[in-house]
Amino acid sequence: MARLNARGLLSLRGAVLPLGALSLWWMVTSLGLVRGPLVVTPVQVVAVPFLDASGRELWAALGTSMARVLAGGLIGGLIGLTAGYLTGLYRLAALGLSPTVHSIRQVALFAWIPLLTAWFGNGEATKLVFTALSAFFPLFLATEQGIRQVPRPLVDVASVLNLTYLTRITKLYLPAALPSIYIGLQIAVLSAWIGTIGAEYAIGNGRGLGSFIASGRDQFRMDIVLAGVITLAAGGVLLNSLATRLSHALSPWTKDLR
Amino acid sequence: MNASANALFVEHVSKSYPLDGLDRLVLKDINFSVGHNEILGIVGASGCGKSTLLRLIVGLDTEYRGSITRSNAGDPGKRVGMVFQDHRLYPWLTVEANVGLALDTSPLSARQKHEKIGHYLHLVGLSDFAKAYPRQLSGGMAQRAAIARALAQEPDILLMDEPFGALDSILRMRLQDELLAIWERNQVSIVIVTHDVEEALYLGDRVIVMEPNPGRIRDIVTVDLPRPRDRASLDIADLKKRCLSMLM
């Protein structure tokens, strides 16, 4: 009971800063200490997704972005997982693929956008490819690393027991690499989310949270921009917790370690 | 095939590792055979190549001179099993699933496999821990699970590399007796590498004494004593004295 209270207090302590900032914002704007066309109150920001015609588009935008991040992330993630598995396990694949991927990784992600729009146009394809690319790199690196670190003694056991190739993948290499893959997944999910929003924002047309924020800015609607930014953060938190839940569900043997 | 025929022949086996550009000999002209249902102990100081020898026999290392042949090599159902000093269970699989790995290539149905896994877990006294993960087991229990995994392969030769080395002495004695009980109920030859001379003499029909630099056989001691043996008997003490005089 005492521990629970201590925990409760600790989490309260974490709320001090945001609540303080919120009340300061609220005080400053409602008392009229700061004025101007770009100044909005917290109440306006909370109300805009429900009461305003343009603001209500937030929900559709959120849905579109979520669908995009899941689709693109899944494509890029699976390719990253497979490529990382191959380069982690096979010398030949590592020699052929790793130097290229590690060099391309040095290119800042958003520098890809001009090239991608030239190749895939200004539509959905570019956004998906960009999201896939954002998810690819972290998962590739983490999987490659994880597979390389499979303990040699456990590989010996697989040889002694004469395990089939499929069993080696599913019961040895993948589970052994999972802790590393999870870290890659956490990074990939956030990277893909930023990638999706970024692509929407940079390309501008079509639906999505990024476009929503961009058009709010163009109309000088700071309430819409702020509501979009808060939703963006909430989306990131949601995706992050989804990734954590997925990790835990896939590795029940670590239950008592958590 | 008659009962006295040998299960395993090791003939003129030598092995060297490259070290600083030079070949360092770790095993020099090793010759011995293992009979069907025989327990063969191998003792020696650390660095005498005992573990390397087992790795060669089980096929984890194929670069050596000489020949290692098994009388049942042509029968795919007869394999060489191995128990390592550390249990080497897969931490992400339950005890049951770990033992089940041994049946990976077996043609048995899922139900038959399940029964077989249950049988071997019962044999090592782990029936109640089938669904446990290795982390949840004590050292002795984990080692027993590893033994069950090796037995579930139903090998005709079981290699054990200091299988009880990491356990306390009381637990070690208990597992030695359990191993003998299992051996009596199963048709299996056992080669057990240990640094504990008493363990080798208590378990083995014969004990190979090895010496290091390069690893070679000093002598093969026959332990012609009926089982169950008395660890404190004068016969064991005499043989122990003989082995130790060669080792020190």
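By the naming in an unreviewed UniProt entry, chain A is ABC transporter permease subunit, taken from Rhizobium straminoryzae. Per UniProt, chain A has the following entry under Sequence similarities (unreviewed entry): "Belongs to the binding-protein-dependent transport system permease family." In its Subcellular location (unreviewed entry) section, the UniProt entry covering chain A states "Cell membrane".

Draft legend 1. The overall build of chain B, seen in detail. A tally of regular secondary structure across chain B gives seven helices and nine strands. Expressed as lengths along the three principal axes of its C-alpha atoms, the size of chain B is roughly 50 × 45 × 45 Å. Buried positions account for 52% of the 248 residues belonging to chain B. On chain B, roughly 11400 Å² of surface is accessible, and the fraction owed to carbon and sulfur atoms is 51%. Mean positive and mean negative side-chain charge positions of chain B (29 and 31 charges, respectively) differ by 2 Å.

Draft legend 2. Layout of the overall build of chain A. Scanning chain A for helices and strands turns up ten helices and zero strands. Computed over its C-alpha atoms, the radius of gyration of chain A comes to 23 Å, more than 25% above the 18 Å expected for a compact globule of 258 residues. Burial statistics for chain A: of 258 residues in total, 41% are counted as buried. Sequence separation of 24 or more characterises 70% of the internal contacts of chain A that already satisfy a separation of 6 or more. Counting 19 positive and 9 negative side-chain charges, chain A places the centres of these two groups 9 Å from one another.

Draft legend 3. Geometry of the layout of surface pockets. All names here are of chain A. One number sums up the size of the largest pocket: a volume of about 610 Å³. The element best represented in the lining of the largest pocket is helix α8 (residues 165-203), accounting for eight residues. A breakdown of the residues in the lining of the largest pocket according to their chemical character gives 20 nonpolar, two polar and no charged.

Draft legend 4. Highlighting the pattern of salt bridges. Residues and elements named next belong to chain A. Scanning all chains against the criterion turns up 25 salt bridges over all chains. Across the pair R148 and E144 runs a salt bridge, and its minimum N-O distance is 3.4 Å. Taken together, the positions of R148 and E144, both in helix α6 (residues 124-148) and four residues apart, correspond to about one turn of that helix. Classification of R148 by relative accessible area gives partly exposed; the value is 45%. A relative accessible area of 4% places E144 in the buried class.

Draft legend 5. View of the pairing of strand β9 (residues 216-222) of chain B. Residues and elements named next belong to chain B. In this sheet, β9 lies alongside strand β8 (residues 206-211) in antiparallel orientation, the contact comprising six bridges. Bridge pairing in β9 links M210 to I217. Once β8 ends, the chain turns through four residues before running back antiparallel as β9, passing N213 with a positive phi of about 55 degrees.

Draft legend 6. The arrangement of the packing of α8(A) against helix α10 (residues 222-250) of chain A in detail. Residue and element names in this part refer to chain A. The contact between α8 and α10 brings their axes to 10 Å, and the two run at 155 degrees. Here α8 lies roughly antiparallel to α10, going by the angle between them. The way α8 lies across α10 gives a crossing that is right-handed. Every residue of α10 that contacts α8 at L178, Y182, L185, Q186, V189, L190, W193 and I197 is listed here: L232, G235, G236, L239, N240, A243, T244, L246, S247 and L250.

Draft legend 7. Representation of the pairing of strand β7 (residues 189-194) of chain B. Residues and elements named next belong to chain B. Taken across its six residues, β7 has six buried, putting it largely inside the fold. Here β7 shows a buried face lined by S189, V191 and V193 and a second buried face lined by I190, I192 and T194. Both strand β3 (residues 39-44) and β7 contribute to a ladder of five bridges, which runs parallel. Bridged to V43 within β7 is T194. Relative to β7, strand β6 (residues 157-161) is paired through five bridges, and the arrangement is parallel. Bridging across to β7, M160 finds its partner in I192.

Draft legend 8. Quick look at the domain arrangement of chain A. Residues and elements named next belong to chain A. Domain annotation of chain A identifies domain 1 (1-35) and domain 2 (40-257). The centre of domain 1, based on its C-alpha atoms, is set 31 Å off from the matching centre of domain 2. Domain 1 puts four residues into the contact, and the matching count from domain 2 is six residues. Both sides together, the interface formed by domain 1 and domain 2 hides about 390 Å², and carbon and sulfur atoms give 83% of it. Three residues, W25, W26 and T29, lead the burial of domain 1 against domain 2; their summed loss comes to 90% of the area buried on that side. If you look at where domain 1 meets domain 2, you find zero salt bridges. In this structure, the connection of domain 1 to domain 2 is made through one residue pair in polar contact (both at pLDDT 80 or more). Of the residues belonging to the side of domain 1 that touches domain 2, the class tally is three nonpolar, one polar and no charged.

Draft legend 9. Broad picture of the UniProt feature "transmembrane region" (unreviewed entry) in chain A. Residue and element names in this part refer to chain A. The UniProt feature table records "transmembrane region" (unreviewed entry) at residues 12-38, 58-80, 125-142, 180-203 and 224-243. Structurally, residues 180-203 comprises 100% helix and 0% strand, and the distance from its first C-alpha atom to its last is 33 Å. Helix makes up 100% of residues 224-243 and strand 0%, and the two end C-alpha atoms of the span are 28 Å apart.

Draft legend 10. The environment of S51(B), seen in detail. All names here are of chain B. Mapping S51 onto the fold places it in helix α1 (residues 50-58). Among the residues examined, S51 registers a relative accessible area of 29% and is labelled partly exposed. For the pair S51 and F84, spaced 33 residues apart in the sequence, the C-alpha separation amounts to 9.4 Å. A polar side-chain atom of S51 sits 3.1 Å from a polar atom in the side chain of D161.

Draft legend 11. Summary view of the packing of aromatic side chains. Scanning all chains against the criterion turns up six aromatic pairs over all chains. Relative to F130(A), the ring of F110(A) has its centre 5.2 Å away and its plane inclined at 50 degrees; by these criteria the two rings are tilted. Taken together, the positions of F110(A) in the loop between α4 (91-104) and α5 (112-120) and F130(A) in helix α6 put the pair 20 residues apart, joining distant regions of the chain. These aromatic residues form a ring-pair network of at least three members: F136(A), F137(A) and F140(A). Looking at R231(B), its charged tip hangs above the ring of Y202(B), at a distance of 3.8 Å from the centre.

Basis of the calculations
Residues numbered from 1 in each chain as written. Chains lettered and ligands numbered in written order. Predicted model: local features only at pLDDT ≥ 70, side-chain atom pairs only at ≥ 80, totals over all residues. Heavy atoms only, no water. UniProt positions renumbered as here; feature names shortened; annotations may be inferred. Helix = DSSP H or I, 4+ residues; strand = E, 2+ residues; numbered from the N terminus. Buried < 20%, exposed > 50% of the residue type's maximum accessible area, 1.4 Å probe, protein only. Areas by Shrake-Rupley, 256 points an atom, 1.4 Å probe, with all protein chains shown as cover. Lys, Arg positive; Asp, Glu negative; His and termini not counted. Charge placed at Lys NZ, Arg CZ, Asp CG, Glu CD. Rg over C-alpha atoms; globule rule 2.2 N^0.38 Å. Contact = heavy atoms within 4.5 Å. 1 Å grid on protein atoms, 1.4 Å probe; cavity = no way out; pocket = protein on both sides within 12 Å on 5 of 7 lines; lining within 4 Å. Points joined across faces, edges and corners; volume = space filled by probe spheres on them. Nonpolar A, V, L, I, M, F, W, Y, C, P; charged D, E, K, R; others polar. Salt bridge = Lys/Arg side-chain N within 4 Å of Asp/Glu carboxyl O. Pairing = 2+ DSSP bridges. Axes fitted to C-alpha atoms, helices over the stretch in contact; angles between N-to-C directions. Parallel < 35°, antiparallel > 145°, perpendicular 65-115°, else oblique. Left-handed = near helix turned anticlockwise from the far one by under 90°. Domains from an automatic or database assignment. Buried area = accessible area lost by both parts, 1.4 Å probe. Polar contact = N/O pair within 3.5 Å; in protein donor to acceptor, adjacent residues only side chain to side chain. Phe/Tyr/Trp six-rings, centres within 6.5 Å; stacked < 30°, edge-to-face > 60°. Lys NZ or Arg CZ within 6 Å of the ring centre and 35° of its normal.

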